[in-house]
Amino acid sequence: MNSPDIKPPGAEPAVETHNSEGDHTHAPRRWWTLLAVSAAQLLVVLDGTIMNIALPSAQSALGMSDASRQWAITAYALTFGGLLLIGGRVSGALGHRRTFIIGLVGFAASSALGGAAVNPGMLFGARALQGVFAAALAPAGLSLLTTTFTEPRERGRAFGVFAAVGAAGSALGLVAGGLLTEYASWRWCLYINVSIALFAALGTAVVPADRPVRGGGRLDVAGALLSAAGFGAVVYAFNEAEPHGWSSPKVPALLVGGVLLLAAFAAVEVRAEHPLLPMRVLLHRARAGALVSITLMFVAMFGFYLFMSYYTQTVLGYSPVQAGLTLLINALAALLGSTLLAGRLHGRVPPAMLILPGLVAAAAGMLVLTRLTPQSAHVLPLYLVPALVLTGLGLGCVITSTAGLATADVAPYDIGAASAAYNASQQLGAALGTALLNTIATSAAASYLASERHATPTGASVHGYTTALAVGSGILLAAVCLTAPLIRKRRRS
């Protein structure tokens, strides 16, 4: 493995160094870039959760079967996760700004198509198209941010805002989904994307144009096919595990097949003349640490969001809107963690001093909730608020620092690949976390109900949730142990 401060052979600085006069001249354009990229990031993250609450209404309106309704969620996750690496390569080949605009326009058009759906197939196809354009949009946006902000303090502020949007987006998706479904229509959960995408597209009018990366060679077709099939199979397996369980024959078959395809992908990339994902991107020690920590953070946090949604509605009796509004506490804490803590300290302290405490804070937040029982009183102030604040602060610190670390010391021709790898890590973590922790909660609840003589369904549910959260906390502590040796010697990003 490379040392975190050593660039791969032949690597160049990620961007040219600007003088102070040039930086002053183009400062407004840089902040317009941040605004546009943040709006696009909101789109991508929002659509991972906004349809969850709207799904029952959409099912009723379009006549979906119970067996097929999950495709309104899975179609987006599948194409997004499966095509991210290809999207990163396309971004480098076409230019990050051009790819970013194409992604925005395509995302807006596919959202409008989904909102106007007249049957399930039309909705599923539109959601799949959203994922296709999101796979180009996400790495292009992060690449633009990486090449635009190079001065440490400005870079910290920019990545802080970017991370705040990413950290809060999932919670905001649940809130927006509930409000729009209850007071407008489930269709507005898709139509709202059009206005956000157009706003971001207008912002790109003043974003400086960049040049396509030269010398990248032809597309690595074998790598592209293997990565799309491998990532797609793994994401699909995780999505199928949630409704059908890990005992379903399809789930392990997809998972094993996906892992084998990804192993074949890695073997091809090592030998490819122009690989889709150069191994030097992954073998950089600090970057590997960033990818491990963000993956495990998303595994734990998406299980946490699932718990919050189920617990507040089924045990506490909150409405979907009330449950979503409760998560705003987490979103605000993530905003504070990413901007006031990580954003301001970026470049002043080693990334390890933000990432590791962030993981510990999130683990502590989940441990608070493991003390819940069906008889717990004053749940909101004594349990939910501390847990939401701690996990939000931790998430904000981790996303800000890992986003910068994952794209630091990257040659211009590798920025798209590094950005795509970072986004792919998030997607895999989210898909695994939702499936894994939901399965643990369900199994623990069933075991409790069967073994405890006076157990009630509510008591079993709470036991399942707290068991899953204990596992989530353990995952975050394991992330600390795995990440610390990889990033602790890094001085700055």
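Above this text you will find the structure in question.
Rules behind the numbers
- Residues numbered from 1 in each chain as written.
- Predicted model: local features only at pLDDT ≥ 70, side-chain atom pairs only at ≥ 80, totals over all residues.
- Heavy atoms only, no water.
- Helix = DSSP H or I, 4+ residues; strand = E, 2+ residues; numbered from the N terminus.
- Rg over C-alpha atoms; globule rule 2.2 N^0.38 Å.
- Buried < 20%, exposed > 50% of the residue type's maximum accessible area, 1.4 Å probe, protein only.
- Core = buried A, V, L, I, M, F, W, Y, C linked by side-chain atoms within 4.5 Å.
- Contact = heavy atoms within 4.5 Å.
- Disulfide = S-S within 2.5 Å.
- Salt bridge = Lys/Arg side-chain N within 4 Å of Asp/Glu carboxyl O.
- Phe/Tyr/Trp six-rings, centres within 6.5 Å; stacked < 30°, edge-to-face > 60°.
- Axes fitted to C-alpha atoms, helices over the stretch in contact; angles between N-to-C directions.
- Parallel < 35°, antiparallel > 145°, perpendicular 65-115°, else oblique.
- Left-handed = near helix turned anticlockwise from the far one by under 90°.
- Nonpolar A, V, L, I, M, F, W, Y, C, P; charged D, E, K, R; others polar.
- Expected span 1.5 Å × (residues − 1).
- Bend = angle between axes of the 7 residues up to and from the residue.
- Polar contact = N/O pair within 3.5 Å; in protein donor to acceptor, adjacent residues only side chain to side chain.
- Patch = residues over 30% accessible without salt bridge, like charges linked within 9 Å, V, L, I, M, F, W, Y side chains within 5 Å.
- Areas by Shrake-Rupley, 256 points an atom, 1.4 Å probe, with all protein chains shown as cover.
- Lys, Arg positive; Asp, Glu negative; His and termini not counted.
- Charge placed at Lys NZ, Arg CZ, Asp CG, Glu CD.

(A) Quick look at the overall build of the chain. Of regular secondary structure, the chain possesses 17 helices and 0 strands. Over its C-alpha trace the chain gives a radius of gyration of 22 Å, about what one expects of a compact globule, namely 23 Å for 493 residues. Principal-axis analysis of the C-alpha atoms gives the chain an extent of 70 × 50 × 45 Å. Split into buried and exposed, the 493 residues of the chain put 55% on the buried side.

(B) Structural context of the nonpolar core. One finds Met51, Phe100, Met297, Phe304 and Leu369 to be the most contacted residues of the largest nonpolar core, which totals 123 residues. The greatest single-element share of this core, amounting to 16 residues, is contributed by helix α11 (residues 285-315). The residues contacting methionine 297, other than those within four sequence positions of it, are Gly358, Leu359, Ala362, Gly394, Leu395, Val398 and Leu476. Membership of the second largest hydrophobic core comes to 8 residues, among which are Ala77, Phe238, Ala241 and Ala435.

(C) Focus on the state of the cysteines. If you walk through the whole model with that rule in mind, you get 0 disulfides. Cysteine cysteine 481 is unpaired, with the sulfur of cysteine 397 as its nearest cysteine sulfur at 19 Å.

(D) Structural detail: the side chain of serine 38. Looking at the secondary structure, you find serine 38 in helix α2 (residues 27-62). Those residues in contact with serine 38 that lie beyond four places of it in its chain are Val161, Phe162 and Val165.

(E) Local environment of the pattern of salt bridges. Summed over the entire model, instances satisfying the criterion amount to 2 salt bridges. A salt bridge links arginine 127 to aspartate 47; its shortest N-O distance comes to 3.1 Å. One end of the pair, arginine 127, is in helix α5 (residues 120-148); the other, aspartate 47, is in helix α2, and 80 residues separate them in sequence. The pair arginine 127 / aspartate 47 is uniform in exposure class, with both members buried. In this structure, the salt-bridge partner of arginine 280 is aspartate 414, at a minimum N-O distance of 2.7 Å. Placement of arginine 280 in helix α10 (residues 279-283) and of aspartate 414 in the loop between α15 (379-406) and α16 (415-451) is noted, with a sequence separation of 134 residues between them.

(F) Inspection of the packing of aromatic side chains at higher detail. The tally for this structure, following the rule as stated, stands at 12 aromatic pairs. For the ring pair phenylalanine 302 and tyrosine 305, a centre distance of 5.9 Å and an interplane angle of 80 degrees mean the geometry is edge-to-face. In this pair, phenylalanine 302 and tyrosine 305 are both assigned in helix α11, 3 residues apart and thus about one turn of the helix distant. Here phenylalanine 302 matches tyrosine 305 in class, with each residue buried. Counting every residue linked through ring pairs, the aromatic cluster contains Phe298, Phe302, Phe304 and Tyr305.

(G) Structural context of the packing of helix α4 (residues 96-115) against α5. The N-to-C vectors of α4 and α5 enclose an angle of 160 degrees; their axes lie 8 Å apart at closest approach. Classified by the interaxial angle, the pair formed by α4 and α5 is roughly antiparallel. The hand of the α4/α5 crossing is left-handed. Considering only residue class, the contact of α4 with α5 consists of 15 nonpolar, 10 polar and 1 charged.

(H) Main features of helix α6 (residues 152-183). The terminal C-alpha atoms of α6 lie 44 Å apart, and with 32 residues this matches the ideal 46 Å at 1.5 Å per residue to within 8%. Within α6, the axis deviates most sharply at glycine 169, by approximately 45 degrees. Counting buried positions over the 32 residues of α6 gives 24, a clear majority of the element. N-cap assignment for α6: the residue whose side-chain oxygen lies 3.2 Å from the backbone N of arginine 153 is glutamate 151.

(I) Up close: a positive patch on the surface. Where like charges cluster on the molecular surface, the positive patch consists of Arg153, Arg157, Arg344 and Arg348. For arginine 153, the location among the structural elements is in helix α6.

(J) Representation of the packing of helix α13 (residues 328-345) against α15. Look at α13 against α15: their axes get within 7 Å of each other, and the N-to-C directions meet at 40 degrees. One finds that α13 runs oblique with respect to α15. Of the two possible hands of crossing, α13 and α15 adopt the one that is right-handed. Facing α13, whose interface residues are Ile329, Asn330, Ala333, Ala334, Leu336, Gly337, Ser338, Leu341, Ala342 and Gly343, α15 presents Val385, Leu388, Val389, Thr391, Gly392, Leu393, Gly396, Cys397, Thr400 and Ser401. Grouping the amino acids of the contact of α13 with α15 by side-chain chemistry returns 11 nonpolar, 9 polar and no charged.

(K) Spotlight on unusual backbone geometry. Phi angles above zero are rare outside glycine, and histidine 378 is one such case at about 50 degrees. With respect to the element layout, histidine 378 can be found in the loop between α14 (352-369) and α15.

(L) Main features of the environment of leucine 469. Residue position: leucine 469 is located in helix α17 (residues 457-487). Between the alpha carbons of leucine 469 and phenylalanine 307 there is a distance of 8.0 Å; along the sequence they are 162 residues apart. In contact with leucine 469, not counting residues within four places along its chain, are Phe304, Phe307, Met366, Leu369 and Thr370.

(M) Layout of the environment of alanine 484. Relative to the elements of secondary structure, alanine 484 occurs in helix α17. With 238 residues separating them in the primary sequence, alanine 484 and tryptophan 246 have C-alpha atoms 32 Å apart.

(N) Representation of the side chain of glutamine 41 within the structure. The topology assignment puts glutamine 41 in helix α2. The contact partners of glutamine 41, leaving out residues within four places of it in the chain, are Phe162, Val165 and Gly166.

(O) Geometry of the environment of alanine 224. Looking at the secondary structure, you find alanine 224 in helix α8 (residues 221-244). With a relative accessible area of 8%, alanine 224 lands in the buried category. Along the chain, alanine 224 and glycine 82 lie 142 residues apart, while their C-alpha atoms are 9.6 Å from each other. When sequence neighbours within four positions are dropped, the list of residues in contact with alanine 224 reads Ile86 and Leu276.

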